[in-house]
Amino acid sequence: MPSSPSLFRPRTLDEALDILAGTPDARPISGGASLVAMMNAGLVEPAALVSLTRIPELSGIRLTADGSILVGAATRHSAIAADKALGGTAAVLAHAASQIAGTAVRNMGTIGGAVAHADPGLDFPPALFAVDARVQLAAKPARRALPIGDFFVDWYTTALEPGEIVIGFEIPKPKPGDGFYLKHARVSGDFAIVSIALSLADDGEARVAVGGCGPAPLASAEADLMLSSSLSADTARRAGEVLMALANPVDDVRGTAEYR
Amino acid sequence: MTQPVSVMLKVNGKALTANAATPDTLLTVLRDQFLLTGAKRGCNQGVCGACTVLADGRPVRSCLSLALDCDDRRIDTIEGLTGQPIMQTLQRAFIAGGAFQCGFCTPAMLVASFALLQSNPNPSELEIRRALAGNYCRCTGYKKIVEAVLDAATRLPAEESA
């Protein structure tokens, strides 16, 4: 294993996990859109980096035999925004991807990197709630999968253990219907002040999640049930009140807690 | 974090050798070692877009790209793209339309516009605004920039067949 430079570029997941297990201070890096920005700002100084962009099994979107969708962690935002497999209720994921930052960042950033970064203003986390995704994690020796709601633990804190990485997302078979991602930001492409992800099946089932109003997206089975029974302005308001009761927003450069 | 090592990068069709440590970005190497100063260091955070270059033909942020991780990619900067007919058309349209104020964002605006016109030779104003949404003009001269790209798009077929 070379000590200099401390940039590892494994070609297989197995190799990547071995390096991460054997190099305690190593950080995985994928598109670099968040980590390199933090390095440039002097916020982090990783002892070693493990680039995950050359591992074929981590990239791309696959349909499984049962109709569920697997999105590899190293799939770029631009690929997700353009993917035709993400139809029906899963369209919310592509719609969210299309609103991340600008073209050049969408060509770099990856869904796994974004979700692992767990910034509360990110676009994918609420969309992943709206499609009821599971997060696939891998470390040596074990793999596991968590419901998206169990992945986010606190501000910028996830369920990832040292040496563990996000390898993909399981999206249950989309239903006929549609999905929408509405983002309220200062300018196009900025982090969300508040965002709403909604998947709406033709059979009436609705799933909603709100971003930017706490350490993790806000979601509630009660709110989903209300919206699934009726989409009137009145139920939307009452579902909003249920979600608002869960909110724990903070003041930041994009807006105050009260505004959120 | 590490000692610099020698790395060969494919930039503007040439194989160029740089010395880079792991945290060194493509932008730093382009500007400080290859003296290709068209890509600018604005925010160094991936927000302003002034560092935009093409990697394998698609716009990326050179300030967020690790130089050592780019050795298997084809990098094109404004300096290399200037010989291309689409870029020349864009440059003429920017000049004719006065699509500059201080000029700091201009190379990246041209690179991003080039990538747009390559994939979509006849974009609407909205498509242009979307494609350039990640490129900031601190002088706020967006109107003339968008108009210049629209103008360039109308001139592409004639120039290419000429």
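Rules behind the numbers
Residues numbered from 1 in each chain as written. Chains lettered and ligands numbered in written order. Predicted model: local features only at pLDDT ≥ 70, side-chain atom pairs only at ≥ 80, totals over all residues. Helix = DSSP H or I, 4+ residues; strand = E, 2+ residues; numbered from the N terminus. Rg over C-alpha atoms; globule rule 2.2 N^0.38 Å. Buried ≥ 20, exposed ≤ 12 C-beta atoms within 10 Å, placed from the backbone. Axes fitted to C-alpha atoms, helices over the stretch in contact; angles between N-to-C directions. Parallel < 35°, antiparallel > 145°, perpendicular 65-115°, else oblique. Left-handed = near helix turned anticlockwise from the far one by under 90°. Contact = placed C-beta atoms within 7 Å. Nonpolar A, V, L, I, M, F, W, Y, C, P; charged D, E, K, R; others polar. Domains from an automatic or database assignment. Pairing = 2+ DSSP bridges.

From N to C terminus, chain A includes ten helices and 13 strands. The C-alpha radius of gyration of chain A comes to 18 Å, within 12% of the 18 Å expected for a compact globule of 260 residues. If you line up chain A on its principal axes, its C-alpha atoms span 60 × 45 × 30 Å. With 260 residues in all, chain A has 50% of them scored as buried.

Right, let's talk about unusual backbone geometry for a bit. Among all residues save glycine, negative phi is the norm, and among peptide bonds the norm is trans. Note that the residue after Lys140 of chain A, namely Pro141 of chain A, is joined by a cis bond; omega there is 10°. Within the secondary structure layout, Pro141 of chain A lies in the loop between strand S6 (134-138) and strand S7 (143-147). Unusually for a residue other than glycine, Asn12 of chain B sits at a positive phi of about 55°. Its location among the elements puts Asn12 of chain B in the loop between strand S1 (5-11) and strand S2 (14-20). Unusually for a residue other than glycine, Leu35 of chain B sits at a positive phi of about 55°. With respect to the helices and strands, the residue Leu35 of chain B is situated in the loop between helix H1 (26-33) and strand S3 (52-55).

Moving on, we come to the packing of helix H3 (residues 85-97) of chain B against helix H4 (residues 106-119) of chain B. Residues and elements named next belong to chain B. Packing of H3 against H4 leaves a shortest axis separation of 10 Å and a crossing angle of 130°. Classified by the angle their axes make, H3 and H4 are oblique. Crossing geometry of H3 relative to H4 is assigned as right-handed. Contacts between H3 and H4 involve Ile86, Met87, Leu90, Gln91 and Phe94 from the former and Thr106, Leu110, Ser113, Phe114, Leu117 and Gln118 from the latter. Taken together, the residues of the contact of H3 with H4 sort by class into seven nonpolar, four polar and no charged.

Turning our eyes to something else, we now look at the interface of chain A and chain B. Opposite the 24 residues of chain A that make contact, chain B presents 27 residues. When residues of the side of chain A that touches chain B are traced back to their parent elements, those giving at least two are helix H2 (35-40), strand S3 (48-51) and helix H5 (103-106) of chain A. If one sorts the elements of the side of chain A that touches chain B by residue count, H2 of chain A sits on top with four residues. Residues belonging to the side of chain A that touches chain B are distributed by class as follows: 13 nonpolar, ten polar and one charged.

As a further point, take the environment of Thr158 of chain A. Residues and elements named next belong to chain A. Locating Thr158 in the fold gives a position in strand S9 (residues 157-158). Judged by C-beta crowding, with 20 C-beta atoms within 10 Å, Thr158 ranks as buried. Residues Thr158 and Gly67, 91 residues apart in the sequence, show an inter-C-alpha distance of 28 Å. In contact with Thr158, other than residues within four places in its own chain, are Ala116, Ala118, Phe151, Phe152 and Val153.

This part is about the domain arrangement of chain A. As far as domains go, chain A holds domain 1 (1-51) and domain 2 (180-246). Each of domain 1 of chain A and domain 2 of chain A has a C-alpha centre, and these two points are 36 Å apart.

We now examine the sheet that holds strand S11 (residues 177-184) of chain A. All names here are of chain A. Taken together, the three strands give an open sheet; going across it, the order is S11-S12-S13, and neighbouring strands pair in antiparallel fashion. Because the sheet does not close on itself, it has two edges, and the strands there are S11 and strand S13 (206-211). Going across the sheet, the axis of each strand differs from the next one's by a mean of 10°, ignoring polarity. Sheet topology note: the strand S12 (residues 194-201)/S13 ladder contains six bridges and is antiparallel. Note on S13: the bridge partner recorded for Ser199 is Arg207.

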